[in-house]
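Fold and contact review
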Amino acid sequence: MASRPGSATSRTAWDGGLGDGIRDDPDEVYMVGQSQSAKSSTSQMMHSATDLKSSPGGGVFQSFLKGVRSLWATRQTEETNTNRELYVTTTLRELIVYIVFLVVLCVITFGMTSTTMYYYTNVMNNLFLGSSLSDQDPTTFKDITSVENFWDYLKSPLLDGLYTETYYNNQSIPEGEMGYIYYENKLLGVPRIRQIRVHNHSCQVHEDFKSFISECYDSYAESIEDKEPFGKYLEEPNNTAWHYYSESTLKGSSHWGKLNTYSGAGSYKDLASTHDDSAAIIDDLFNNLWIRRGTRVVFIDFSVYNANINLFCVIRLLGEFPATGGVIPSWTLRTVKLLRYVTVGDYFILACEIIFCLFILYYTVEEVLEIKKHKLSYFLGFWNILDILVILISIVCVGFNVYRTVEVNNKLTELLKDPKIYADFERLSYWETRFSNAIAIAVFMAWIKIFKYISFNKTMTQLSSTLGRCAKDLAGFFVMFIIIFLAFTQLGYLLFGTQVEDFSSFENAFFTLFRIILGDFDFHQLEEANRILGPIFFMLFVFFVFFVLINMFLAIINDTYSEVKSDMANAKNEFEIADYFKRGYEKMLDKLNFKRDKIIDIQKALRSADINQDKQLDFDEWRQDLKSRGYADGEIEAMFSKYDIDGDRVLDEEEQKRMQADLADQKAALNKEYEDLGGGKTDRPGTGRRSSSRASFNEGDSGEDSDDEDSGTKSSRTGRTSNGVSYEEFTVLSRRVDRMEHSIGSIVSKIDAVLVKLEAMEKAKLKRRETMGKILDSITESDGTSDEIKREQMEKLVREELERWDSETSVGANSARGASPGGGSGHSGLRSRSRAESNQNGSSDV
């Protein structure tokens, strides 16, 4: 008794649990009759507590490190190969975190775009690309084919669209409200017209034509740009329209047109802020032949901003002048959101962007840990490469987001200082679209990456298994397909490239053949281009590619999928997510039942422990009653000290009532929680399990304990687990053990029979040696006898020996045939011994 802790200490230990007075470890067994073990456990606990008090910083720091380390626990950093439940738990945690990341990414992405962008682009498209040149000429910018049409467009539809100076009722717009397109879209700065020319003699004229062709202008190349001033440069030396400026001077960027990729250099002219002034500038350029034979492209650049929807539309119209003559129009309209943070919703997107940056940092650390563990083998995994790509794209996008915010502020600051300068948002809008494309690719990869986490069962792995298994077949098919497809591409380009637009270039021919596979083709164009080779080309392509190659591809996929489906149907189901939740649910019910059963035990102890009926429950009575119910000394001490307020080691009537009230409240709360979980109408597995465990340590007890044992047996037979194994599993295992014992017994009996035979053969061999020795001795000893007598004696001895061998052989055969029952008895004896041993082991295990 002297070694017991005080009431205050025990009460603290009791309160240090879950706070409800009940420990929630349903698998812990409190052994009876092992007080020494309980004392040693108590001393170890006190010793650990002392160590923790002596070094509190170390324990807290270790716990903190463990918690931080668990944040980055993944299937690749943890040993999940041998523990399927840990695999599912880790995957589930990764999936939940990744879903939050995906939601944040989608909020950011869809917060950057909207359907309004399309309608804004469509409005600008209809105004500048769909307006006709005049009432008599319905040609639009898209239909321009000549230099004359191009100048007509500059003079009328372009200026009318850029400068809205009257209302729809022809009333003039006040000067302070001018500069708007469609009354809503503010024209930023002034538009700019820029051209790039190539110099004369950039190509070589054939000898036969040199006498009457003196000028030659090649197709555009940056190396043959004409950098010399031209036209009215002598009269107007400061007019930028007649001088060449480099790309760095103009702070321009290259542009990919229909025919070539053009640099950001050239000669330019900024228009004015009013319709009349701009018309005068265009007339001057027109009259002085600003567009000449060496002109290869003309750019028309301007930007508009709509404050209603906080969107910019950066417009570039191109007129390409090929060496063949004429004009090929093209255009680019980029609707972008350059001012990101204006409304409350925009600031919510900003908060999501900050969270996104934290996620990127989190996943960066995670990938670094995985690379550190797996070294170069990490880069062999498809999902690992996908993770790195998503992280890299996200880091680039975050960097561009910062750059875009700073650059837009700088450009707007310059524009506000001088509203009549050209507002160059072309490069910024170009990279903004690249930014949007990168984000779109990142979102696509992020959604594909979900397959990494949802492969809990065999159904979810059908796609990856099918593609993985037929990868080699698809690689071989792809080589064959590319060879045939490229052959048809080159054939189509060479046959129809000069007459059919879809085959005008190798690239166009390549994509046209893909369109034919999908059923989008114009057979009459091929037939008109070549009445004989056109139909032959079309039929051969359809036969070899559509009927043969495509069906081969489908056959490879179909056969592999059938194999994968068959293998998965025969494969055993592993531990899946449904099993994980089911086990968690059952474990929660077990804990609730365990807590409830302990409360019932304590309530019974309060009623029965007071042996002398003096309404004063001392510690010895309490301890004796709970020890009989299977509780350890430490827990008995803690439960008693929790309500022994005065510390006199006796629970008076008031303290017992307080304990009864607390136990009743706790039991009611547990019952309500149990019913909320849907366990109200089911058996109570925790009762059977704990009761059977307790009964195994109290074999001599009776009464309630025997009832508990019976209830535990019944619950186990109804399918509930007893010590973790169901009754059905126990029955199957018992049958397997019986079959193994039967097989082993028959093997042992056969081995015994073989040993008996070997022993008999050894004895016979010894006897034969003795007999031969006797024969030889008799021959050597009978020296005085005649040869005839010796022969008769030898014959007699040999005959007797042969008869003896025959008799031993027959006896051995009979004994071998009779060994079968003996073997069976031996077998049964083995089984009985095995069962006895198993029963003995089983009883000891229990």
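Structural data are supplied above this passage.
Conventions and cut-offs
- Along each chain, the written sequence defines residue order, and numbers are assigned to residues from 1.
- Residues qualify for local features only when their pLDDT is at least 70, as the model is predicted, and side-chain atom pairs are given and counted only at 80 or more; totals for whole chains, interfaces and linings, by contrast, use all residues.
- The side-chain quantities take in all heavy atoms of the structure and omit both hydrogens and water.
- Secondary structure elements follow DSSP: runs of H or I of four or more residues count as helices, runs of E of two or more count as strands, with numbering from the N terminus.
- Remark: exposure states derive from per-residue accessible area (1.4 Å probe, protein chains only) relative to the maximum for the residue type, with buried under 20%, exposed over 50%, and partly exposed in between.
- In what follows, residue pairs with any heavy atoms lying within 4.5 Å of each other are defined as contacts.
- With residues, only the protein chains shown are counted as cover, and all accessible areas are computed by Shrake-Rupley using a 1.4 Å probe.
- Put simply, a salt bridge is a Lys or Arg side-chain nitrogen that is within 4 Å of an Asp or Glu carboxyl oxygen.
- At least two DSSP bridges between two strands are required for those strands to pair.
- Cavity: a set of points on a 1 Å grid over the protein atoms alone where a 1.4 Å probe fits but cannot get out. Pocket: an open set with protein on both sides within 12 Å along at least five of seven lines, its lining residues, like those of a cavity, having an atom within 4 Å of a point.
- Grid points are joined across faces, edges and corners, and a volume is the space filled by probe spheres set on the points.
- By the convention adopted, Pro, Cys, Tyr, Trp, Phe, Met, Ile, Leu, Val and Ala count as nonpolar, Lys, Arg, Asp and Glu as charged, and the other residues, Gly among them, as polar.
- Axis definition: a line fitted to C-alpha atoms, limited for helices to the stretch in contact. Angles are taken between N-to-C directions and run from 0 to 180 degrees.
- When an angle is under 35 degrees it counts as roughly parallel; over 145 it counts as roughly antiparallel; between 65 and 115 it counts as roughly perpendicular; any other value is oblique.
- Left-handed is the label given to a crossing in which the near helix is rotated counterclockwise from the far helix by less than a right angle, and right-handed is the label when the rotation is clockwise.
- Working definition of a nonpolar core: buried Ala, Val, Leu, Ile, Met, Phe, Trp, Tyr and Cys residues. They are joined through side-chain atoms within 4.5 Å.
- A pair of Phe, Tyr and Trp rings is counted when the ring centres sit within 6.5 Å of each other, with Trp represented by its six-membered ring. The angle between the planes then sorts it: under 30 degrees is stacked, over 60 is edge-to-face, the rest tilted.
- Either the NZ atom of lysine or the CZ atom of arginine qualifies as a charge over a ring when it sits within 6 Å of the ring centre and within 35 degrees of the ring normal.
- To count toward a patch, a residue needs a relative accessible area over 30% and no salt bridge; like charges are then connected within 9 Å, while nonpolar side chains (Val, Leu, Ile, Met, Phe, Trp, Tyr) are connected within 5 Å.
- Any two cysteine sulfur atoms lying within 2.5 Å of each other are counted as a disulfide.

**So, the overall build of the protein**
Per the secondary structure count, the protein includes 26 helices and 10 strands. Relative to its full complement of 846 residues, the protein shows a buried share of 37%. Intrachain contacts of the protein at a sequence separation of at least 6 include 67% that bridge at least 24 residues. Split by element, the accessible area of the protein, about 49000 Å² in all, is 58% carbon and sulfur.

**Some points on the pattern of salt bridges**
Tallied over the entire structure, the rule returns 19 salt bridges. In this structure, Glu236 engages Lys232 in a salt bridge whose closest nitrogen and oxygen atoms are separated by 3.0 Å. Overall, the relative accessible area of 24% leaves Glu236 in the partly exposed class. On the accessibility criterion, Lys232 (14% relative accessible area) is buried. Linked through salt bridges whose partners overlap, the residues forming this network are Asp301, Arg316, Arg334 and Glu426.

**A short note on the pairing of strand β7 (residues 311-320)**
Residues in a regular strand point their side chains to alternate faces of the sheet. Within β7, 10 of the 10 residues are buried, which leaves it mostly tucked inside the rest of the structure. What you see with β7 is no split at all: Leu311, Cys313, Ile315, Leu317 and Gly319 on one side and Phe312, Val314, Arg316, Leu318 and Glu320 on the other are buried throughout. Bridging between strand β6 (residues 295-306) and β7 involves 10 bridges; their strand directions are antiparallel. If you follow Phe302 over to β7, its bridge partner there is Ile315. Two strands pair when backbone bridges link them, and β7 and strand β8 (residues 328-336) are joined in this way by nine bridges, in the antiparallel orientation. Across the sheet, the residue bridging to Val314 is Arg334, located in β8.

**Brief notes about empty space enclosed by the protein**
A probe matching the size of a water molecule, rolled over the atoms, marks out where space remains unfilled. By the definition in use, this model includes six cavities of 30 Å³ or more. Estimated volume of the largest cavity: approximately 120 Å³. Contributions of two or more residues to the lining of the largest cavity are made by β2 (185-197) and α11 (426-448). Taken together, the residues that form the lining of the largest cavity break down as two nonpolar, three polar and eight charged. Taken as a whole, the second largest cavity spans an internal volume of roughly 70 Å³. Considering the residues around the second largest cavity, the lining is formed by Tyr98, Phe101, Ile360, Tyr363, Glu367, Asp387, Val390, Ile391 and Lys449. Secondary-structure elements contributing two or more residues to the lining of the second largest cavity are α4 (84-112), α9 (344-374) and α10 (382-417). The class makeup of the residues in the lining of the second largest cavity is six nonpolar, no polar and three charged.

**Quick look at the packing of α10 against α11**
Between α10 and α11, the shortest axis-to-axis distance is 9 Å and the interhelical angle comes to 150 degrees. What the angle tells us is that α10 and α11 run roughly antiparallel. Both α10 and α11 take part in a crossing whose hand is left-handed. Seen from α10, the contacting residues are Trp383, Leu386, Leu389, Val390, Ile393, Cys397, Phe400, Tyr403, Arg404, Glu407 and Val408; seen from α11, they are Leu428, Trp431, Glu432, Phe435, Ala438, Ile439, Ile441, Ala442, Met445, Ala446 and Ile448. Of the residues contributing to the contact of α10 with α11, the split by class is 19 nonpolar, no polar and three charged.

**A closer look at the nonpolar core**
Counting residues in each nonpolar core, the largest one holds 42 residues, and the members touching the most others are Met124, Phe128, Phe150, Tyr153, Leu158, Trp290 and Phe302. Of all the secondary-structure elements, those providing two or more residues to this core are α5 (115-129), α6 (147-162), β2, α8 (275-287), β6 and β7. Tallying contributions element by element places α6 first for this core, with seven residues. The contacts of Tyr153, once residues within four sequence positions are left out, are Phe128, Leu133, Phe141, Ile144, Leu158, Ile300 and Leu317. Core analysis: the second largest hydrophobic core is formed by 30 residues, Phe101, Val390, Ile391 and Ile439 among them.

**Re the environment of Phe477**
Position of Phe477 among the secondary structure elements: in helix α14 (residues 471-496). Spatially, the C-alpha atom of Phe477 lies 8.1 Å from that of Met552, the residues being 75 residues apart in sequence. Apart from residues no more than four positions distant in its own chain, Phe477 is found in contact with Leu549, Met552, Phe553 and Ile556.

**Some words on the packing of aromatic side chains**
Scanning all chains against the criterion turns up 46 aromatic pairs. A centroid spacing of 5.4 Å and a plane angle of 75 degrees characterise the contact between Trp151 and Phe286, whose relative ring orientation is edge-to-face. Here Trp151 is found in helix α6, whereas its partner Phe286 is found in helix α8, with 135 residues between them in sequence. Plain terms: the ring middles of Phe230 and Trp242 are 5.3 Å apart, the flat faces sit at 70 degrees to each other, and that makes the pair edge-to-face. On the criterion of sequence distance, the pair formed by Phe230 in the loop between β2 and α7 (247-250) and Trp242 in the loop between β2 and α7 is long-range, its members being 12 residues apart. You can call Phe230 buried: its relative accessible area is 7%. Put simply, the rings of Phe477, Phe481, Phe485, Phe488, Phe496, Phe503, Phe510, Phe511, Phe514, Phe537, Phe541 and Phe553 pair up and form one aromatic cluster. Over the face of the ring belonging to Phe435 we find Arg404, whose NZ or CZ atom lies 5.4 Å from the ring centre.

**Brief notes about a nonpolar patch on the surface**
A cluster of nonpolar residues, Met480, Ile532, Leu533, Ile536, Met539, Leu540, Phe543, Phe544, Phe546, Phe547, Val548 and Met552, forms a patch on the protein surface that exposes about 1100 Å² of accessible area. The element contributing the most residues to the nonpolar patch is helix α17 (residues 533-570), with 10 residues. Within the secondary structure layout, Met552 lies in helix α17.

**Thoughts on unusual backbone geometry**
You will see that Tyr183, though not glycine, has its phi angle at about 65 degrees, which is positive. For Tyr183, the position within the fold is in the loop between β1 (180-181) and β2.

**Remarks on the state of the cysteines**
For the structure on display, the rule yields one disulfide. Each disulfide pairs two cysteine sulfurs, and for Cys203 the partner residue is Cys216, the sulfurs being separated by 1.5 Å. An S-S torsion of about -115 degrees defines the bridge between Cys203 and Cys216 as left-handed. Of this pair, Cys203 sits in the loop between β2 and α7 while Cys216 sits in the loop between β2 and α7, and the two are 13 residues apart along the sequence.

**Brief notes about the side chain of Glu94**
With respect to the helices and strands, Glu94 occurs in helix α4. Those residues in contact with Glu94, other than ones at most four positions away along the chain, are Ala73, Thr74, Arg75 and Tyr453.

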